[in-house]
Amino acid sequence: MADLNQTKFQSLLRHMPQGYVEFKVLYDEAGEPVDYEFHEVNEAFERIMKAKREHFLGGRITDKLKDFEYSEREWIVQVARAVDSGEAITFEHFSRRNKAWYELSVFSERPGYVSTLFHDITPHVQENNALKQLVNVSHRFVTTGRELLMNQHFLDQIRGFTGAKAVTLNLVDDDGNTYSTVALSGIDELLERSLDVLGFHPVGRKWPMSPKRLKLLEAPSPIIFDDILPLVEGVLPKRLIKNILRIFDLGQVILFKIEKDGVFYGDLTIVMQGNKQASRLGLVELYIVHILEQMTKADRQIGDAKESMFEGFATVDLECIMSNKNHEIFHLNVAWERVLGFPLEELENMDFTSLVHPDDVEKTNEAFALLEEGQDIFRFINRYRTVDGDYRSIEWHSKAQGNYIYAVAKDVTERVQLEEELAERDRLLTKLSDQVPGAIYQFERRPDGSFHFPFFSRGFEVLTGITFEEMKDDPELVFSKIHPDDYPNVMASIEASYENLTIWDAEFRVITPDGGTTWILGSSRPEKLGEGHVLWHGYIGDVTEKKKYEMEIEYLSYHDQLTGVKNRRYFDEALITYDEPCYYPLALIVVDINGLKLTNDAFGHLVGDRLLIEATMTLKREIRGKDTVARIGGDEFVIIMPNTSRDEAILLSERLSQLFHDKAIEGLPISASFGEAVKVDDSLSISEVFNLAEDRMYHHKVSEKQSRRHYSIQLIMRTLYEKIPREEAHSQRVAELSRQLGQAMNFTSAEVNELVTAATLHDIGKVAISNEILDKPGMLTEAEWREIKRHPEVSYNILSTVPEYGPLSEIVLAHHERWDGKGYPKGISGEQIPLAARIISIADTFDVMVTGRPYRKAKTLDEALAVIEEEAGRQFDPELVEVFFKKVVPTLQR
């Protein structure tokens, strides 16, 4: 059965579409994963990597998959996570060699091996990217609407008759310092590659109106360039320009200025392909005249009242007079020949309504019925058949007077086609907008002050919990979802955007259906439709995760990460905030936690952190609600106390000092030095008050320093003896042996006392080593030996904090050095080693041998002496060994 299962497993691996690899984990001496060896790959993986399995098997991942844009170390970390956790992890990779995205699933099926599935997600990533670009197009469309399509259609015509590769319309922005690309013809061919190369879509992009460009525009229109370089140098990065020239076959560039009466509106730029020359440039100039007419006409018409029934029909060229009863034609002007192609006489003598498109007959009859009732018809559109059998869309303005119908009309076929394209794009954009995160919307404020949402995508419902139908019935529902604390700011920002026609941006919370909150980021651009009538086009999205991250960053920027109290940055800003008379008298208490360095050296930084945390908790418990504690240095804190006298501050310092002394960390009582100062008026600056408090703290610290340090050393030795009881007797024996050997070397009494003290304290650094190592009965590992060999340096760090122990710290540091230079920690040799350290080395080694250790059996006196004699000239000073045997050993044998 096992063989059958294995066969099925192999068959599954062979036929599965995902790439599969099993790696063998390679470890270093410390048992850490350092690399991974290919153990098995399937056929799909071979296809993905375009290489045979033999290329991979036995190879290492850091050699074979270097082309993946993930560092070797990151591979190791990710895979090691799967090994350690026993859980599957998933992440994405991009293969530069394959130009493809892969989703990798990493898991471990058996100890020492890791399996990885490679799933090609390139189409998914490309689809997401395309969706993002379409959302951008959607946003541009919402903000520019029909004008974008009209500009696009206009440029397409120019590109068609000039034979250009691309045509752009660029208009100067209101500030005069920038100009924007409002339309680009050639977008279908250039869109994908321009997005890839430029990293953005050029339509809607603002460009700087640089002095160099202004200089170029001084030449008479049209301005002809041999290539595109003069127009893009200084505007796009050199790398992008290089890519554009490499990828696109661009040639001659013709720039037509759009200006009238000394006003420069923008330019029309034609880009040709390769060596191709532009044609019909004279016709382009006529188009420029048309553009200027439309621009200046729009300027003149701003604010004009719309009184005429034919308003907006400046281009009307079709006239018609017919009977109100039987619809007989009495008059048509000659323009109808151009539109429909029939001779005018034929049109006037036929049943004109017979040319109406069958699908439009019913609504045409309804329009005639309204006219017969005396109603006017405006902007009515139907379709008429041409002589070629095609249909043209005609827009009518009609009025019935007596027995006649008077009408003017215009051919709007192109406009209707554009509107149909627009409607189709609307449907597409609505569908797309429903698929993207967040929501696209339109928000309207009417002249009567009411609100309305003409459009919003499905994401709006997801974010707010309000359906479109509910929104239509009551637009105010949206505002009821805004968190009460954020509501005033949101409404104020809408009002400001309404009054100034500035872009609306806001971050706020909404209440979710389950009672929770979601952070929303909203942004929209206002458009004035009329007096008191504004329409916003915008987007909202869920930024809860981003907001949480920002709040966390903000918290960390003003709080100390270890203790949780305010940090130095907050303190510096708070001094300015509290430097106001309403807070006077303002008391500052500077608190310096004593012995932090000593604690770190003696017990390690974790114990030092415990000391700081315990001290902080005591400070926070004792202050008032209006007071603030800030950690402004490694061991320094400040308490800010508004409306507090110096006497009150001193009482708090005394109470805190006693509370600290009643607490202990690893047997050491917590102590601190305090300094108080108070600002009562403007005679001293706030920084001078702080300096005064700090000076008083240092004064107290210095006066207590010496006695406190001596006491700390005694406490550490007591802690060591309680932790390892054998150390007290060992220290005493080593001190006695050292004393005898010092006297035998004719040391003075002062030198002997210094030697005995150093011998007593020589192992004080062992207080920082765990009992698991010191009391381990078996052989120590290499890592454990490294920990043991730290104790001379820790001893030195502890003793060197007390000036009187300075010479002793140098002796203790060297007591494990060897005469031949093979000792530690510095590896010095011979007489470079202090004489007192050489003496303690013999005494220490001898006592350890005759008393034994958990990991080493005790030796007999003769065995120990034999080792001392054998190590003379290697581990020990040979002269001292000789004196040891002559003067000290006889006393031991007695």
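It should be noted that the structure appears before, not after, this text.
Residues numbered from 1 in each chain as written. Predicted model: local features only at pLDDT ≥ 70, side-chain atom pairs only at ≥ 80, totals over all residues. Heavy atoms only, no water.

(A) A look at the overall build of the chain. Along its length, the chain carries 35 helices and 27 strands. For the chain, buried positions account for 45% of its 894 residues. Contacts in the chain between residues far apart in sequence, at least 24 positions, make up 56% of those at least 6 positions apart. Accessible surface computed for the chain: about 47,000 Å², of which carbon and sulfur atoms make up 51%. (Helix = DSSP H or I, 4+ residues; strand = E, 2+ residues; numbered from the N terminus. Buried < 20%, exposed > 50% of the residue type's maximum accessible area, 1.4 Å probe, protein only. Contact = heavy atoms within 4.5 Å. Areas by Shrake-Rupley, 256 points an atom, 1.4 Å probe, with all protein chains shown as cover.)

(B) View of empty space enclosed by the protein. One pass over the full model with this rule turns up five cavities of 30 Å³ or more. If you add up the space inside the second largest cavity, you get close to 240 Å³. Among the secondary structure elements, those contributing two or more residues to the lining of the second largest cavity are β17 (439-445), α17 (458-464), α19 (477-480), α20 (487-500), β19 (504-511), β20 (517-530) and β21 (533-542). Of the residues belonging to the lining of the second largest cavity, the class tally is 15 nonpolar, two polar and no charged. (1 Å grid on protein atoms, 1.4 Å probe; cavity = no way out; pocket = protein on both sides within 12 Å on 5 of 7 lines; lining within 4 Å. Points joined across faces, edges and corners; volume = space filled by probe spheres on them. Nonpolar A, V, L, I, M, F, W, Y, C, P; charged D, E, K, R; others polar.)

(C) Structural context of the packing of aromatic side chains. For the coordinates displayed, the defined rule picks out 22 aromatic pairs. In this structure an aromatic cluster arises from ring pairing among Phe443, Phe451, Phe453, Phe479, Tyr498 and Trp536. The aromatic ring of Tyr570 is capped on one face by Lys566, whose charged end is 5.0 Å from the ring centroid. Of note, Arg569 hangs over the ring of Tyr558, and the distance from its end group to the ring centre comes to 4.7 Å. (Phe/Tyr/Trp six-rings, centres within 6.5 Å; stacked < 30°, edge-to-face > 60°. Lys NZ or Arg CZ within 6 Å of the ring centre and 35° of its normal.)

(D) How the structure looks around unusual backbone geometry. Between Tyr584 and the following residue, Pro585, the backbone shows a cis peptide bond with an omega angle of -10 degrees. Within the fold, Pro585 resides in the loop between α22 (568-578) and β22 (586-593). Each neighbour pair has its own omega, and for Tyr824 with Pro825 the value is 15 degrees, a cis peptide bond. Structurally, Pro825 is set in the loop between α32 (806-813) and α33 (835-851). With a phi close to 60 degrees, His327 is a non-glycine residue in the positive phi region. Tracing the sequence through the fold places His327 in the loop between β12 (318-323) and β13 (329-332). One non-glycine residue with positive phi stands out, namely Leu501, at about 55 degrees.

(E) View of the side chain of His791. Along the chain, His791 turns up in helix α31 (residues 791-799). Of the polar contacts made by the side chain of His791, one reaches the side chain of Asp763; its length is 3.2 Å. For His791, the contacting residues outside a window of four places in its chain are His762, Asp763, Gly765, Lys766, Ile769, His815, His816 and Tyr824. (Polar contact = N/O pair within 3.5 Å; in protein donor to acceptor, adjacent residues only side chain to side chain.)

(F) Examining the pairing of strand β16 (residues 404-411) more closely. In the sheet, β12 pairs with β16 via six bridges, with the strands oriented antiparallel. Each residue of the ladder has a partner; that of Cys320, found in β16, is Ala407. Summarising the sheet, strand β15 (residues 391-401) and β16 pair through eight bridges and their orientation is antiparallel. The residue of β16 that forms the bridge with Ser398 is Ala407. Counted between consecutive antiparallel strands, the loop separating β15 from β16 contains two residues, among which Gly402 sits at a positive phi close to 60 degrees. (Pairing = 2+ DSSP bridges.)

(G) Quick peek at the sheet that holds strand β27 (residues 672-679). Taken together, the four strands give an open sheet; going across it, the order is β23-β24-β22-β27, and neighbouring strands pair in antiparallel fashion. Only two strands of the sheet have a single partner each, and these edge strands are β23 (628-631) and β27. Here the strands of the sheet are splayed against their neighbours by 20 degrees on average, with no regard to which way each runs. Direction of pairing for β22 relative to β27: antiparallel, over a ladder of eight bridges. Across the sheet, Leu588 pairs through a bridge with Ala677, a residue of β27. Packed on one face of the sheet, helix α24 (residues 605-622) meets β22, β23 and β24 (636-641) and runs near 10 degrees to β24. (Axes fitted to C-alpha atoms, helices over the stretch in contact; angles between N-to-C directions.)

(H) Broad picture of helix α11 (residues 238-247). Taken as a whole, α11 has its buried residues at Leu240, Ile241, Asn243 and Ile244. The arc that holds the buried residues of α11, viewed along the axis, is 165 degrees, so those residues lie on one side. Exposed residues on α11 whose side chains face more than 90 degrees from its buried face are Lys238, Arg239, Lys242 and Arg246. (Arc of directions from axis to C-beta.)

(I) Region of interest: the environment of Tyr27. With respect to the secondary-structure elements, Tyr27 resides in strand β1 (residues 19-27). By relative accessible area, Tyr27 is classed as partly exposed at 41%.

(J) Main features of the environment of Gly19. Residue placement: Gly19 occurs in strand β1. Spatially, the C-alpha atom of Gly19 lies 7.6 Å from that of Glu46, the residues being 27 residues apart in sequence. Beyond its immediate stretch of four places on either side in the chain, Gly19 contacts Asn42, Ala44, Phe45, Ile48, Thr116, Leu117 and Phe118.

(K) Spotlight on the pattern of salt bridges. In the structure shown here, the tally under the stated rule is 41 salt bridges. Arg60 is the salt-bridge partner of Asp35, the closest N and O atoms lying 3.9 Å from each other. With Asp35 in strand β2 (residues 33-41) and Arg60 in the loop between α3 (53-56) and α4 (61-64), the pair connects residues that are 25 residues apart, well separated along the chain. Residue classification places Asp35 among the buried residues on the basis of a relative accessible area of 5%. Take Arg60: its relative accessible area is 41%, and that puts it in the partly exposed class. The partner of Glu727 in a salt bridge is Lys766, and the shortest N-O contact between them spans 3.6 Å. (Salt bridge = Lys/Arg side-chain N within 4 Å of Asp/Glu carboxyl O.)

(L) Region of interest: the nonpolar core. By size, the foremost hydrophobic cluster in this structure holds 83 residues, and its most contacted members are Val591, Ile593, Ile639, Phe660, Ile798 and Phe884. Considering each element in turn, this core owes the most residues, eight residues, to α33. Once you skip the residues sitting within four places of it in the chain, Ile593 turns out to touch Leu611, Leu612, Ala615, Asp635, Phe637, Phe660, Ser671, Ala672 and Lys701. Leu318, Trp336, Val339 and Phe342 belong to the second-largest nonpolar core, a separate cluster that totals 27 residues. (Core = buried A, V, L, I, M, F, W, Y, C linked by side-chain atoms within 4.5 Å.)

(M) Up close: a negative patch on the surface. Negative charge collects at one region of the surface, where Glu461, Glu469, Glu470, Asp473, Asp474 and Glu476 lie side by side. Here the negative patch gets three residues from one element, more than from any other, and that element is helix α18 (residues 468-473). Along the polypeptide, Glu469 turns up in helix α18. (Patch = residues over 30% accessible without salt bridge, like charges linked within 9 Å, V, L, I, M, F, W, Y side chains within 5 Å. Lys, Arg positive; Asp, Glu negative; His and termini not counted. Charge placed at Lys NZ, Arg CZ, Asp CG, Glu CD.)

(N) Up close: the pairing of strand β14 (residues 377-385). Of the strand pairs in this sheet, β14 and β15 are connected by seven bridges, and their pairing is antiparallel. Bridge pairing links Tyr384 to Arg392 in β15. In textbook terms, the turn of a hairpin is the stretch between consecutive antiparallel strands, and for β14 and β15 this stretch comprises five residues, one of which, Gly389, has a positive phi near 90 degrees.

(O) Main features of the packing of helix α28 (residues 749-761) against α33. Look at α28 against α33: their axes get within 10 Å of each other, and the N-to-C directions meet at 50 degrees. In this view, α28 runs oblique relative to α33, as classed from their interaxial angle. With respect to the hand of their crossing, α28 and α33 are arranged in right-handed fashion. Every residue of α33 that contacts α28 at Leu755, Ala758 and Ala759 is listed here: Ala836, Ile839 and Ile840. (Parallel < 35°, antiparallel > 145°, perpendicular 65-115°, else oblique. Left-handed = near helix turned anticlockwise from the far one by under 90°.)

These results come straight from atomic positions and should not be treated as a statement about function.
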